[in-house]
Amino acid sequence: MAWPLLLLLFSSLAFSHAQLTLDYYAKTCPQFDAIVRDITQQKQMQFPTTAAATLRVFFHDCAVDGCDASILIKPTSFNKPELEYDINQSLAGDAFDLITRIKTALELACPGVVSCADVLATATRNLIVQTGGPHYKVPLGRKDSLVSNVSNVEAHLTRANATVDLMIKKFQLMGIDVKDMVVLIGGGHTIGFVHCKEFANRIFPTPDPTMNPILVERLRTMCANYTNNKDMAAFLDVISPGNFDNVLFKNLMKGIGVLGSDQLLYNDPRTRPFVELYAKDSNAFATDFAVAMEKLSVYQVKIGNQGEVRKRCDAVNNAHA
């Protein structure tokens, strides 16, 4: 990226970020924090996969045109939104249900005030903390996107079989360096899960020789019927899937990474030092993840007339029927 363009990107980011404040809703919706906290806690206790699902939705939202809740918009006869992209079709419903519950409660408490983008960003942070991850600040005041288009997705999201070169390239488009990329992937996958079809090529018909044989057999048993049951999935951290911790990095060093793209992080000399660092130092992982998430959460946020506060999160306010 040329330096003038890079400087423009960061100056724009800094300006947008400066419009956000930690107490944005203190006067207009003082119940904001309590409502998000209570509903998020309840949902995670009822459905423990909610944290992983919401973190994935948040990243898929931010990666495509910024953290603006564009991922939440449902298809209509007039528009194919980001949700129509094949990777996004596997996003888990618990995340969308959580955002709907929170938004409904907020609309009753303070109608037309809180954006869906702020709900998603705050709920994600709360769920990370609830599963054992670090607390980080989430400045507020984002507006919701006015558009969501499936054609915008391909250039930004990576697939399960992505090379390290491609992952680095796509994260760099967001201003995220290699270190932050590794810590964000590790943080997203420590409590994450993935559908069997995304790693089936590593276990059927011939196993990937870099994968631990015991893991291969476990996954083969678990995913035996994956072609008929599209919902079959496995945890990405096979040791402590419900805890936000650094075990995923330790797994990669033992060859028990489920995704090929995760395992490549240990094999590639550009990313391996960070995998080794976070595997041995859980504090470094937590600290660096919190810093990276603060950066990510303000990526290309919409302010002022760049967006709106949606009445409902799955449709823009002037949407066609």
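The structure presented is a predicted model; accordingly, all values stated were derived computationally and were not measured.

Another point: empty space enclosed by the protein. A full pass over the atoms with the stated rule returns one cavity of 30 Å³ or more. Taken as a whole, the largest cavity encloses approximately 680 Å³ of empty space. Lining the largest cavity we find 35 residues, and of these Arg-56, Phe-59, His-60, Thr-158 and His-189 sit closest to its centre. Secondary structure elements with two or more residues in the lining of the largest cavity: α3 (50-63), α6 (164-172), α7 (178-190), β1 (193-195), α10 (260-267) and α12 (282-297). With six residues, α3 is the largest single contributor of residues to the lining of the largest cavity. Residues that form the lining of the largest cavity fall into these classes: 20 nonpolar, ten polar and five charged. Taken domain by domain, the makeup of the lining of the largest cavity includes at least three residues from each of domain 1 (31-152) and domain 2 (176-293).

Right, let's talk about the domain arrangement of the protein chain for a bit. According to the domain assignment, the protein chain contains domain 1 (31-152) and domain 2 (176-293). The gap between the C-alpha centroids of domain 1 and domain 2 is 24 Å. When the two sides are added together, the surface that domain 1 and domain 2 hide from each other amounts to roughly 1,200 Å², 79% of it contributed by carbon and sulfur. Taken together, domain 1 and domain 2 are joined by zero salt bridges. Elements with a contribution of two residues or more to the side of domain 1 that touches domain 2: α3 and α5 (116-130). Considering every element that reaches the side of domain 1 that touches domain 2, the biggest residue donor is α3, with five residues.

Now for the packing of helix α2 (residues 32-46) against helix α4 (residues 93-109). One way to put it is that α2 packs onto α4 with a least axis distance of 10 Å and a crossing angle of 150°. Our classification of the angle between α2 and α4 gives roughly antiparallel. Judged by the twist between their axes, the crossing of α2 over α4 is right-handed. Side by side, α2 and α4 meet where Phe-32, Ile-35, Val-36, Ile-39, Thr-40, Lys-43 and Gln-46 of the first sit next to Asp-94, Asp-97, Leu-98, Arg-101, Ile-102, Ala-105, Leu-106 and Ala-109 of the second.

This next bit is on the UniProt feature "binding site: heme b" (unreviewed entry) in the protein chain. Per the UniProt record, the feature "binding site: heme b" (unreviewed entry) sits at His-189. Summarising the element assignment, His-189 is placed in helix α7. Beyond its immediate sequence surroundings of up to four residues, His-189 is in contact with Leu-236, Asp-237, Leu-248, Leu-259 and Asp-262.

A disulfide bridge is the covalent bond that connects two cysteines by way of their sulfur atoms. Going through the model one piece at a time under the given rule, you end up with four disulfides. The partner cysteine of Cys-62 in its disulfide is Cys-67, sulfur to sulfur 2.0 Å. Between Cys-62 and Cys-67 the disulfide shows an S-S torsion of about 120°. By sign, it is right-handed. The class of Cys-62 is buried, set by a relative accessible area of 0%. The exposure class of Cys-67 is buried, given its relative accessible area of 1%.

Let us now look at the side chain of Asn-251. Position of Asn-251 among the secondary structure elements: in helix α9 (residues 247-253). Within polar-contact distance, the side chain of Asn-251 engages the side chain of Asp-237 at 2.8 Å. Contacts of Asn-251, omitting those with residues within four sequence positions, involve Asp-237, Val-238, Ile-239, Ile-256 and Gly-257.

What counts, and where the lines are drawn
Residues numbered from 1 in each chain as written. Predicted model: local features only at pLDDT ≥ 70, side-chain atom pairs only at ≥ 80, totals over all residues. Heavy atoms only, no water. 1 Å grid on protein atoms, 1.4 Å probe; cavity = no way out; pocket = protein on both sides within 12 Å on 5 of 7 lines; lining within 4 Å. Points joined across faces, edges and corners; volume = space filled by probe spheres on them. Helix = DSSP H or I, 4+ residues; strand = E, 2+ residues; numbered from the N terminus. Nonpolar A, V, L, I, M, F, W, Y, C, P; charged D, E, K, R; others polar. Domains from an automatic or database assignment. Buried area = accessible area lost by both parts, 1.4 Å probe. Salt bridge = Lys/Arg side-chain N within 4 Å of Asp/Glu carboxyl O. Axes fitted to C-alpha atoms, helices over the stretch in contact; angles between N-to-C directions. Parallel < 35°, antiparallel > 145°, perpendicular 65-115°, else oblique. Left-handed = near helix turned anticlockwise from the far one by under 90°. Contact = heavy atoms within 4.5 Å. UniProt positions renumbered as here; feature names shortened; annotations may be inferred. Disulfide = S-S within 2.5 Å. Buried < 20%, exposed > 50% of the residue type's maximum accessible area, 1.4 Å probe, protein only. Polar contact = N/O pair within 3.5 Å; in protein donor to acceptor, adjacent residues only side chain to side chain.

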